[in-house]
Amino acid sequence: MQLNGASLLIELLQRQGIEIVAGIPGGANLPLYDALGRSRLRHVLVRHEQAGGFLAQGIARSTGNAAACFATSGPGATNLLTAIADAKLDSIPIVAVTGQVPTGLIGTDAFQEVDTYGMSIPVTKHNFLVRSAAELLEVVPEAFRLALSGRPGPVLIDVPKDVQNARIDVERLPEPGTADAPPEPDGAVLAAMARMIAAAERPLLYVGGGVVASGAEEEVRALSAACGIPVVCTLMGLGIMPPEDAGFLGMLGMHGSLATAHAVDRTDLLIALGVRFDDRATGAIAGFAPRARVIHLDIDEAEIGKIRRPDLSAGCDVKRALKRLNRLVARAERSEWRAEIQALRAGHSLALREEESHPGNLVRRLAALSPSDAVVSVDVGQHQMWAAQWWPVRRTRTFLTSGGLGSMGFSVPAGMGAALANPDRPVIVLTGDGSLLINIQELATIAENNLDVRICVLNNGHLGLVRQQQELFYGERYVASRFESRPDYAAIARGFGMRGHTLRLPYDEAELGAALEGRGPVLLDIEVPETQNVYPMVPPGKSNVEAITDAPVAGTAGAAGRSRA
Ligand SMILES: Cc1ncc(C[n+]2csc(CCOP(=O)(O)OP(=O)(O)O)c2C)c(N)n1
């Protein structure tokens, strides 16, 4: 058959199982859009390319499948970069297809020309500048193979306009690209791991996004139960353990509970699975698990020893490794260690004061009012941390958050992607009044597609997490963290064509329930106290056990906090 490059690319995307593409057309990708218009692909016209990238992430994060987005050359491509970088840091498989100026104009400062290939090198797992239509036959399956294999991540394909227009004869279409089989874990390492676990008195599992990517949550739960090993998780690992499991201590790190910090401090064997010892999780590395030998399993060999040299390690798929390990390990009760963990849980778990207005209480209420299969998409700031602390995340891939890059503006478009990929499940977006504004234009996309997205804006009139740092670490000098204007977000939502409600403190329970009832789209502008801080908080450069757990007592500086845990 004879096809042009654009039709070929669209055909290859469909063969990859892609059903939805988000993007914005422009001069350099119009042939692609022309071909898309004649295909079965559903296109979602976002209002900013960054949102297209986050939408693709919402699909990928909630399903585990690769997702695609389009942008034109120049500003379209640069707008997309934040979402690509975000996918890189959180290991999310997306394939971004950008239009480029015709091959003959590359390097001439042509209209809307930027070096997309060059700019995307550091933020992609791999990228391609396609030189001929025939190359697409290899490049597209290869892009998906790379996005999905090993440690997943974003791949960019830059396609000059003349390549999109070029006609070629295609005899046979290639097989879709799929993930490579991961390397088998080394049996000797697993046997050594079982021995180290048997010899340990206070082993601790430290689990993160790699466990989610490999689908190993059942294996982690089984290992924890069989060997009496308590578990802490990273922000990316929420959902691996059920919140009520007696051996689960919760999220560790900058805003994790002191129970996790003390458990990490006490452990003699840290079993790190699918984690990268990120500084937000570890605090000052010198004070992280100071008494422990370390076992580190991660599919990305480059992560092993990057921050903390392990005593035993393997670059392998966590699920495969644990499946085999669980047959090798000796069952153990570890009653002393478990008793210590229970004491930590009782004494140092996150606690909320009863005061009604604490946003943690609001998060708990919103969770109670939401269907149990809801997907939650959160933004970046204090509300993100309150959500991580207080939303009971029961399953992986139901708590979507920009972990590594911390990109404000993530929640609304990622929530759109989750809603498109999971049409039977409601999506709750938790955002702040700062983060909402970064991609507020997407309310138009939500309304246009009638997506079941329920946006809760935790409105404190501030860039709250910035305000908090200025209060605690910059002598209460509040620079550029307070919003002087107070837009009427409910009216703005209605202006975009969705329901909008404003809820003021103290909340009326019935009103909150009624506002969330029914299908989305809806936006709830919910007042939260302006100066409420997120605790615990590990001050910059400190160890996790040095977390501040309440506002510093007047007259004392910095970390000398008064514990209310
Ligand atoms: C794109 C981007 N710009 C700046 C920041 C720095 N930053 C982190 S949290 C935050 C405040 C977020 O404010 P808001 O969304 O209102 O949430 P709150 O902390 O008040 O809950 C800022 C500015 C960021 N993470 N991302």
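See above for the structure.
Everything quoted here is computed from the prediction, not taken from an experiment.

Peer 1: Outline helix 20 (residues 464-473), listing residues and values.
Peer 2: The element helix 20 is extensively covered by neighbouring structure, given that seven of its ten residues are classed as buried. Turning to helix 20, the residues buried within the fold contact helix 16 (382-390). Of the residues flanking the end of helix 20, it is Gly 475, one or two places downstream, whose phi is positive at about 55°.

Peer 1: Give me the lowdown on the packing of helix 15 (residues 359-369) against helix 22 (residues 509-516), citing residues and values where you can.
Peer 2: At a closest axis distance of 10 Å, the pairing of helix 15 and helix 22 adopts a crossing angle of 50°. As far as their axial angle goes, helix 22 and helix 15 are oblique. Remark: the crossing between helix 15 and helix 22 carries right-handed chirality. In this structure, helix 15 contributes Leu 362, Arg 365, Leu 366 and Leu 369 to the contact, and helix 22 contributes Glu 509, Leu 512, Gly 513 and Leu 516. Of the residues in the contact of helix 15 with helix 22, the class split is five nonpolar, one polar and two charged.

Peer 1: Please set out the sheet that holds strand 17 (residues 427-432) residue by residue, giving values where relevant.
Peer 2: As summarised here, the arrangement of the six strands in space is 16-15-17-18-20-19, forming an open sheet in which the pairing is parallel. Bordering the open sheet on either side are strand 16 (399-400) and strand 19 (499-503), each of which pairs with just one other strand. In terms of strand pairing, strand 15 (residues 375-378) meets strand 16 through two bridges, oriented parallel. Looking at the pairing, Ser 377 lines up with Leu 400 of strand 16.

Peer 1: Tell me about the sheet that holds strand 7 (residues 155-160), and please be specific about residues and values.
Peer 2: Taking strand neighbours across the sheet as the criterion, the six strands line up as 3-2-4-5-7-6 in an open arrangement whose pairing is parallel. Each having just a single partner strand, strand 3 (42-45) and strand 6 (126-129) make up the two edges of the open sheet. The mean angle between the axes of side-by-side strands here comes to 20°, regardless of whether they run parallel or antiparallel. By the bridge criterion, three bridges tie strand 2 (residues 20-23) to strand 4 (residues 67-71) in an arrangement that is parallel. When the sheet's bridge partners are listed, Gly 23 is paired in strand 4 with Phe 70. The strands touched by helix 2 (residues 30-37) within the sheet are strand 2, strand 3, strand 4 and strand 5 (94-100), with strand 4 carrying the most contacts at an inclination of about 130°. In this fold helix 4 (residues 75-89) packs onto strand 4, strand 5 and strand 7, with an angle of close to 165° to the strand it touches most, strand 5.

So, how was this worked out
- Residues numbered from 1 in each chain as written.
- Predicted model: local features only at pLDDT ≥ 70, side-chain atom pairs only at ≥ 80, totals over all residues.
- Heavy atoms only, no water.
- Buried < 20%, exposed > 50% of the residue type's maximum accessible area, 1.4 Å probe, protein only.
- Helix = DSSP H or I, 4+ residues; strand = E, 2+ residues; numbered from the N terminus.
- Contact = heavy atoms within 4.5 Å.
- Axes fitted to C-alpha atoms, helices over the stretch in contact; angles between N-to-C directions.
- Parallel < 35°, antiparallel > 145°, perpendicular 65-115°, else oblique.
- Left-handed = near helix turned anticlockwise from the far one by under 90°.
- Nonpolar A, V, L, I, M, F, W, Y, C, P; charged D, E, K, R; others polar.
- Pairing = 2+ DSSP bridges.

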